[in-house]
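# Fold and contact review
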Amino acid sequence: MSRQTRRLLAGTGATLAILAGAYFTQPVSAATSTANLAVSATVTANCLVQAGSIDFGSYDPVVANETAPLDEVGSFQVRCTKGASAVLKLSSGANPSGGARRMSSGGTDFLAYELYSDAGRTTVWDEANTVTYNAASSAVADIDVFGRIPPGQDVGAGNYSDTVTITAEF
């Protein structure tokens, strides 16, 4: 191949490279297409009950509580999904007798007591008489329980206790 042919080809290659660059730098129109992406989730109703307590303190069957009951207020906490409703039930405890709740001293003596859903202590709170909780938010809510030990019980000195199960049905 002659030197002149080589120069011509070299010049042609350079020209082609310049033309190719000019061709590929031109704006290219692109077509578009759109679609929707469906996004979903299901929020389940849920409730969580947290243990609480009622501490009656000292019961004096001889003087202070011979004719007057010993009243106390306790509480437990519940947290439910916003908008959920829960039916709250209290069991009869570990030592019931004839439908009455009783605390045990570990021996043969039992101290009768009752739990109520109202401050006037007129509605016993148990598995039949329940309280409905409607969650306005998912924040923790304190639920009051009103307790009463009837007066004049003939029991021995000691520490009395019971365990009541709290159930939330939602």
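In the block above lies the structure referred to throughout.
Residues numbered from 1 in each chain as written. Predicted model: local features only at pLDDT ≥ 70, side-chain atom pairs only at ≥ 80, totals over all residues. Heavy atoms only, no water.

The next thing to look at is the overall build of the protein chain. In terms of regular secondary structure, the protein chain is built from one helix and eight strands. Helices and strands appear in the protein chain in the N-to-C order α-β-β-β-β-β-β-β-β. Across the 170 residues of the protein chain, 22% fall into the buried class. In the protein chain, once contacts between residues fewer than 6 apart in sequence are set aside, the share between residues at least 24 apart is 76%. Summed over all atoms, the accessible surface of the protein chain reaches about 11,500 Å², with 52% contributed by carbon and sulfur. (Helix = DSSP H or I, 4+ residues; strand = E, 2+ residues; numbered from the N terminus. Buried < 20%, exposed > 50% of the residue type's maximum accessible area, 1.4 Å probe, protein only. Contact = heavy atoms within 4.5 Å. Areas by Shrake-Rupley, 256 points an atom, 1.4 Å probe, with all protein chains shown as cover.)

Where strand S1 (residues 47–53) and strand S2 (residues 70–80) come together, five bridges link them in antiparallel fashion. Following the sheet pairing, Leu-48 is matched in S2 by Arg-79. Sheet analysis places S2 next to strand S7 (residues 141–149), joined by nine bridges and oriented antiparallel. By the bridge assignment, Phe-76 is partnered in S7 with Ile-143. (Pairing = 2+ DSSP bridges.)

Attention now moves to the pattern of salt bridges. One side chain can pair with another of opposite charge once the charged atoms of both are near each other. Per the counting criterion, the structure on display carries four salt bridges. Residue Glu-169 pairs with Lys-89 through a salt bridge whose shortest N-O separation is 3.1 Å. Here Glu-169, found in strand S8 (residues 166–169), pairs with Lys-89, found in strand S3 (residues 85–90); they are 80 residues apart in sequence, far enough to count as distant. Among the ionic pairs, Glu-114 bridges to Arg-101, the shortest N-O distance being 2.5 Å. Of this pair, Glu-114 sits in strand S5 (residues 110–116) while Arg-101 is found in strand S4 (residues 101–104), placing the two residues 13 residues apart along the sequence. Like Glu-114, the residue Arg-101 is buried in the burial classification. The network of salt bridges with common partners includes Asp-71, Arg-121 and Arg-148. (Salt bridge = Lys/Arg side-chain N within 4 Å of Asp/Glu carboxyl O.)

Okay, the sheet that holds strand S6 (residues 131–134) next. Within the open sheet, the three strands sit side by side as S6-S3-S8. Their pairing is antiparallel. In this open sheet, the two strands that pair with only one neighbour each are S6 and S8. Averaged over all pairs of adjacent strands, the angle between strand axes in this sheet comes to 30 degrees, irrespective of strand direction. Of the strand pairs in this sheet, S3 and S8 are connected by four bridges, and their pairing is antiparallel. For Lys-89, the partnering residue across the bridge sits in S8 and is Thr-167. (Axes fitted to C-alpha atoms, helices over the stretch in contact; angles between N-to-C directions.)

Formed by 25 residues in total, the largest nonpolar core has its most connected members in Cys-80, Leu-88, Tyr-133 and Ile-149. If you list the elements that add at least two residues to this core, you get S2, S3, S5 and S7. Apart from residues lying up to four places away in sequence, Cys-80 is in contact with Asn-46, Cys-47, Ala-86, Tyr-133, Ala-135, Ser-137 and Ser-138. (Core = buried A, V, L, I, M, F, W, Y, C linked by side-chain atoms within 4.5 Å.)

Tracing the backbone through its elements, the reader meets Gly-83 in the loop between S2 and S3. Each C-alpha atom, one on Gly-83 and one on Asn-134, is 6.6 Å from the other, the two residues being 51 residues apart in sequence.

For the rest of this paragraph, the subject is the layout of surface pockets. Space inside the largest pocket adds up to approximately 640 Å³. Around the largest pocket, the lining is made up of 30 residues, and of these Ile-54, Phe-56, Met-103, Ser-161 and Asp-162 lie nearest the centre. Mapped onto the lining of the largest pocket, the elements with two or more residues apiece are S1, S2, S5 and S7. Considering only residue class, the lining of the largest pocket consists of 18 nonpolar, 10 polar and two charged. (1 Å grid on protein atoms, 1.4 Å probe; cavity = no way out; pocket = protein on both sides within 12 Å on 5 of 7 lines; lining within 4 Å. Points joined across faces, edges and corners; volume = space filled by probe spheres on them. Nonpolar A, V, L, I, M, F, W, Y, C, P; charged D, E, K, R; others polar.)

Once that is clear, we can look at the packing of aromatic side chains. The full count for this structure, using the stated rule, is one aromatic pair. Both rings, one in Phe-76 and one in Trp-125, keep their centres 5.9 Å apart while their planes meet at 50 degrees; by these two values the pair is tilted. Of this pair, Phe-76 sits in strand S2 while Trp-125 sits in the loop between S5 and S6, placing them 49 residues apart in sequence. Residue classification places Phe-76 among the buried positions, given a relative accessible area of 2%. (Phe/Tyr/Trp six-rings, centres within 6.5 Å; stacked < 30°, edge-to-face > 60°.)

Honestly, that's just the spatial picture; any functional story needs more than this.
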